[in-house]
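Chain residues, written in single-letter form:
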Amino acid sequence: NMPAPVIRPAVPPDLGTLAEYDRHIRLSRLSSAIADGRILLLETDGKFAGWLRWNLFWDSIPFLNLLFLLEPYRRLGFGSRLVADWEARMAADGFSSVMTSTQTDEDAQHFYRKAGYKDCGGFVIDVPGYEQPMEMFFIKKV
């Protein structure tokens, strides 16, 4: 039985740990995201278990870019807790909606729908070298 998670904003000393796992972003951008308060860490029993990173879509809607839990911490409800915590923080900051996206071949779409997100569109990039499944976008009122 795992103890309740602690969710907190990432701070500069977390950069090394995050850089070890978050390969989707350059180190300088990761550092900026920490400084801007756009990363939440989840820890359980004092151990790093995962993180959530976001940005602003159209400079005005919080957009969840990445939600990641390390393997031993998956399917325990921690992802739902991390997203709910982020949504509450966004609502407290005065935002009325949040967004995210997944590819159509990713199971995450079911996770977000279960969390109350509504499909709101999608697109396929039809450019050589960028072939990938359709990207689906989701929105939720907070």
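Here is what the cut-offs are and how they apply
- Residues numbered from 1 in each chain as written.
- Predicted model: local features only at pLDDT ≥ 70, side-chain atom pairs only at ≥ 80, totals over all residues.
- Heavy atoms only, no water.
- Helix = DSSP H or I, 4+ residues; strand = E, 2+ residues; numbered from the N terminus.
- Buried < 20%, exposed > 50% of the residue type's maximum accessible area, 1.4 Å probe, protein only.
- Contact = heavy atoms within 4.5 Å.
- Core = buried A, V, L, I, M, F, W, Y, C linked by side-chain atoms within 4.5 Å.
- Salt bridge = Lys/Arg side-chain N within 4 Å of Asp/Glu carboxyl O.
- Pairing = 2+ DSSP bridges.
- Axes fitted to C-alpha atoms, helices over the stretch in contact; angles between N-to-C directions.
- 1 Å grid on protein atoms, 1.4 Å probe; cavity = no way out; pocket = protein on both sides within 12 Å on 5 of 7 lines; lining within 4 Å.
- Points joined across faces, edges and corners; volume = space filled by probe spheres on them.
- Nonpolar A, V, L, I, M, F, W, Y, C, P; charged D, E, K, R; others polar.
- pLDDT = per-residue confidence, 0-100.

Caption draft 1: Highlighting the environment of Phe 123. Inspection of the secondary structure assignment puts Phe 123 in strand E6 (residues 118–123). We classify Phe 123 as partly exposed; its relative accessible area is 37%. Spatially, the C-alpha atoms of Phe 123 and Leu 41 are 30 Å apart, while their sequence positions differ by 82 residues. Here Phe 123 is in contact with Met 134, Glu 135 and Phe 137, once residues within four sequence places are set aside.

Caption draft 2: Representation of the nonpolar core. Ranked by size, the top nonpolar core spans 30 residues in total, and within it Leu 18, Ile 39, Leu 41, Trp 51, Leu 52, Trp 86 and Tyr 117 carry the most contacts. Taken together, the elements giving at least two residues each to this core come down to helix H2 (27–35), strand E2 (39–44), strand E3 (47–57), strand E4 (61–69), helix H3 (78–92) and strand E7 (135–141). Not counting residues within four places of it along the chain, the set of residues in contact with Tyr 117 comprises Val 83, Trp 86, Glu 87, Val 98, Thr 100, Tyr 112, Phe 138, Ile 139 and Lys 140.

Caption draft 3: Main features of the pattern of salt bridges. The tally for this structure, following the rule as stated, stands at eight salt bridges. The partner of Glu 43 in a salt bridge is Arg 8, and the shortest N-O contact between them spans 2.9 Å. Residue Glu 43 is found in strand E2, and its partner Arg 8 is found in strand E1 (residues 6–9); the two are separated by 35 residues along the sequence. You can call Arg 8 partly exposed: its relative accessible area is 22%.

Caption draft 4: How the structure looks around the sheet that holds E1. Across the sheet, seven strands lie side by side as E1-E2-E3-E4-E5-E7-E6; this open sheet has mixed pairing. Here the strands that pair on one side only, and so sit at the sheet edges, are E1 and E6. The sheet shows a mean angle of 30° between the axes of neighbouring strands, direction not considered. With seven bridges connecting them, strand E5 (residues 97–103) and E7 associate as antiparallel partners. Looking at E7, one finds that Thr 102 is bridged to Met 136.

Caption draft 5: Representation of the layout of surface pockets in the model. As a volume, the largest pocket reaches approximately 1,100 Å³. Lining the largest pocket are 32 residues, and of these Leu 67, Phe 68, Ala 108, Phe 111 and Tyr 112 sit closest to its centre. Those elements giving two or more residues to the lining of the largest pocket turn out to be E4, H3, E5 and helix H4 (108–114). With seven residues, E4 is the single largest residue contributor to the lining of the largest pocket. Partitioned by chemical class, the residues of the lining of the largest pocket number 14 nonpolar, ten polar and eight charged.

Caption draft 6: How the structure looks around the confidence of the model for the protein. Of the residues in the protein, 99% reach a pLDDT of 70 or more, and the chain-wide mean stands at 94. Ranking the elements of the protein by mean pLDDT puts H4 last with 94 and E1 first with 98.

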